[in-house]
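So you can see what is in the structure, the chains are spelled out below.
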Amino acid sequence: MTKPLISVVMGSKSDWDVMQHAVAILDEFHIAYEAKVVSAHRTPDLLFQFAGEAKARGIQCIIAGAGGAAHLPGMIAAKTTLPVLGVPVNSKHLQGLDSLLSIVQMPKGIPVATFAIGQAGAANAGLFAVALLAVNNSELSAQLDEYRRKQTESVLNAELPE
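In this text the structure is predicted, and so the values were computed from the model without any measurement.

A. Region of interest: the overall build of the chain. Along the backbone of the chain there are six helices and five strands. Of the regular secondary structure in the chain, the N- to C-terminal order runs β-α-β-α-β-α-β-α-β-α-α. Looking at the 162 residues of the chain, the share that counts as buried comes to 41%. For the chain, contacts bridging at least 24 residues in sequence account for 66% of all contacts bridging at least 6. Total accessible area on the chain stands at roughly 9,300 Å², and carbon and sulfur atoms take up 56% of it. Here the chain holds 12 positive side-chain charges and 14 negative ones, and the gap between their average locations is 11 Å.

Shown next, in the form of structure tokens:
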């Protein structure tokens, strides 16, 4: 089994509906990842252990999705210098705005790259992780270029009903 390069973590199992879109991108590029639930509030000791050991395990970047109070990405960033990509998960009452604000308002010195709310944000976090890895991997860089070329082509070839 290939060692994971990316960790995809979420605050609860219910966040999978959104976070699976990050994983789908990683699958498309054949990037080894791990996906797990790590709650900032219900399993803080696990969170600290996970974040503290990630770099030593060979993880290159962490995609962290959370809803509601959304402390997971920021707490992970506080415990590691690895890039942390925060994905706000849609919440029941505020449609993810609360999650977005919780993730994006990090104090100076503890950065979290924050993406759009929901599925698009998760997919873009996956693509950003690919781009991070592609900086030092010419084969992956070529795959990313081809992905973007195909996106452009699909727009240029789009036909609308008459």
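B. Geometry of the UniProt feature "binding site: substrate" (unreviewed entry) in the chain. UniProt tags Ser12, Asp15 and Arg42 as "binding site: substrate" (unreviewed entry). Structurally, Asp15 can be placed in the loop between β1 (6-10) and α1 (16-28). Since its relative accessible area comes to 7%, Asp15 is described here as buried. Those residues in contact with Asp15 that sit more than four places away from it in its chain are Met10, Gly65, Ala66, Gly67 and Val89. Among the secondary structure elements, Arg42 is positioned in the loop between β2 (33-37) and α2 (44-53). Relative accessible area serves as the criterion here: at 62%, Arg42 is assigned to the exposed category. Leaving out residues up to four positions away in the same chain, Arg42 has contacts with Gly11 and Ser12. Within the structure, Arg42 has its side chain in polar contact with the backbone oxygen of Gly11 (distance 3.1 Å).

C. Representation of the UniProt feature "domain: PurE" (unreviewed entry) in the chain. Mapped onto the present numbering, the UniProt feature "domain: PurE" (unreviewed entry) falls at residues 4-155. Segment residues 4-155 splits into 48% helix and 15% strand. End C-alpha atoms: 33 Å apart.

D. Main features of the pattern of salt bridges. Counted according to the given criterion, the structure contains three salt bridges. Put simply, Arg149 and Glu153 hold a salt bridge, and the shortest N to O gap is 2.6 Å. With Arg149 and Glu153 both in helix α6 (residues 138-156) and four residues apart, this pair spans about one turn of that helix. The class for Arg149 is partly exposed, based on a relative accessible area of 40%. Among the ionic contacts, a cluster of salt bridges with common partners joins Glu146, Arg149 and Glu153.

Rules of the game
Residues numbered from 1 in each chain as written. Predicted model: local features only at pLDDT ≥ 70, side-chain atom pairs only at ≥ 80, totals over all residues. Heavy atoms only, no water. Helix = DSSP H or I, 4+ residues; strand = E, 2+ residues; numbered from the N terminus. Buried < 20%, exposed > 50% of the residue type's maximum accessible area, 1.4 Å probe, protein only. Contact = heavy atoms within 4.5 Å. Areas by Shrake-Rupley, 256 points an atom, 1.4 Å probe, with all protein chains shown as cover. Lys, Arg positive; Asp, Glu negative; His and termini not counted. Charge placed at Lys NZ, Arg CZ, Asp CG, Glu CD. UniProt positions renumbered as here; feature names shortened; annotations may be inferred. Polar contact = N/O pair within 3.5 Å; in protein donor to acceptor, adjacent residues only side chain to side chain. Salt bridge = Lys/Arg side-chain N within 4 Å of Asp/Glu carboxyl O.

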